[in-house]
Amino acid sequence: GNLRKVVSKAAVPPAIKSNTFNYSPISSVYVPSGSGNAYSAASYWNNFLIIDGEGLAVEVTLTQAGTLGEKLLEQVEYLNAINILKVTGPINDDDLYNIKQRMPNLIEIDLEGVERDYLQEDLFRDKVSIRKVTLPKVLRWVADDMFYNCPLLEEVILPGTLESIGSYSFYKCQSLKEIVIPEGVTNIGSQAFYYCTALERVSLPSTLSVINSETFRDCRSLKNIEFSDGLTSIGNNAFYNCVSIEA
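Residues numbered from 1 in each chain as written. Predicted model: local features only at pLDDT ≥ 70, side-chain atom pairs only at ≥ 80, totals over all residues. Heavy atoms only, no water.

**A closer look at the overall build of the protein**
Per the secondary structure count, the protein includes 3 helices and 15 strands. In terms of overall size, the protein behaves like a compact globule, its C-alpha atoms giving a radius of gyration of 19 Å where 247 residues would be expected to give roughly 18 Å. Dimensions of the protein, computed from C-alpha atoms along their principal axes, come out at roughly 60 × 45 × 20 Å. Taking all 247 residues of the protein together, the buried fraction comes to 45%. A separation of at least 24 residues holds for 34% of the contacts in the protein among residues at least 6 apart in sequence. Here the protein displays about 12,000 Å² of accessible surface, and carbon together with sulfur accounts for 43% of that area. Here the protein contributes 21 positively and 30 negatively charged side chains, and the mean placements of these two sets differ by 7 Å. (Helix = DSSP H or I, 4+ residues; strand = E, 2+ residues; numbered from the N terminus. Rg over C-alpha atoms; globule rule 2.2 N^0.38 Å. Buried < 20%, exposed > 50% of the residue type's maximum accessible area, 1.4 Å probe, protein only. Contact = heavy atoms within 4.5 Å. Areas by Shrake-Rupley, 256 points an atom, 1.4 Å probe, with all protein chains shown as cover. Lys, Arg positive; Asp, Glu negative; His and termini not counted. Charge placed at Lys NZ, Arg CZ, Asp CG, Glu CD.)

**Points about the pairing of strand S4 (residues 57-61)**
Side-chain alternation along S4 places Val58 and Val60 on a buried face and Ala57, Glu59 and Thr61 on a face that remains uncovered. Pairing between S4 and strand S5 (residues 84-89): 5 bridges, direction parallel. Pairing of valine 58 across the sheet is with leucine 85, part of S5. (Pairing = 2+ DSSP bridges.)

**Section: the sheet that holds strand S8 (residues 141-142)**
Strand order across the open sheet formed by 5 strands is S8-S10-S12-S14-S15, with parallel pairing between neighbours. Edge positions in the sheet fall to S8 and strand S15 (233-234), since each has one partner strand and no second. By the bridge criterion, 2 bridges tie strand S12 (residues 187-188) to strand S14 (residues 210-211) in an arrangement that is parallel. Looking at S14, one finds that isoleucine 188 is bridged to isoleucine 211.

**Some points on the pairing of strand S6 (residues 108-114)**
In terms of strand pairing, S5 meets S6 through 5 bridges, oriented parallel. Paired with isoleucine 84 across the two strands is glutamate 108, which belongs to S6.

**Some remarks on the packing of aromatic side chains**
For the structure shown, the criterion picks out 14 aromatic pairs. Through a chain of ring-to-ring contacts, the aromatic side chains of Phe124, Phe147, Phe170, Phe193, Phe216, Phe227 and Phe239 assemble into a single cluster. Just above the ring of tyrosine 148 sits the side chain of arginine 125; from NZ or CZ to the centre is 3.8 Å. (Phe/Tyr/Trp six-rings, centres within 6.5 Å; stacked < 30°, edge-to-face > 60°. Lys NZ or Arg CZ within 6 Å of the ring centre and 35° of its normal.)

Structure, rendered in structure tokens:
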């Protein structure tokens, strides 16, 4: 099933049973502001990520790499409580570890002002509640598996400095409807957008020369695609089962 997000307008958690949402892959429940603790304590509701109102938003500016966790803990009691995060300044692998391993409940993250031109593979992999990501404005490539299985991801803002998009980077991002790949990108890796079933529109740059195997496989909502004259290679099954492409 595709039911992944539930919105409840009830301030008091309705009584539900253990099987109320059986076989529905719900990852998050949005509740009225101030009701989060009640839902988190309520039977069966406490199995889900509870977003109180618009979520807990935190902004931090770093002057030294490796201090993200420390600076955030000056504002919140636990890193896993953060839903919306904006980071500016230098970061290192320790900071990325905190984002990847200690913030499972992110729904939005803005890294535009981060001073780093690469991010690790699978940084956001399996973050099942994340909806929007803004990548660093100096980023050179989207690493392999970066957004692997982010089923609620709706928007990714890619920088103009980007050169390539890695394999499986957006695999199974089933809420992504549109992606604008900026000028300067020359290569899109194999299976990069495999099974992005809601993807309708893709803007390809004139600099793109290679689309690898199965890049857009099973993008069943993709309606049209326009190739530039610089494209030299399209891999096996690159558009396999793209049943909505218009002739």
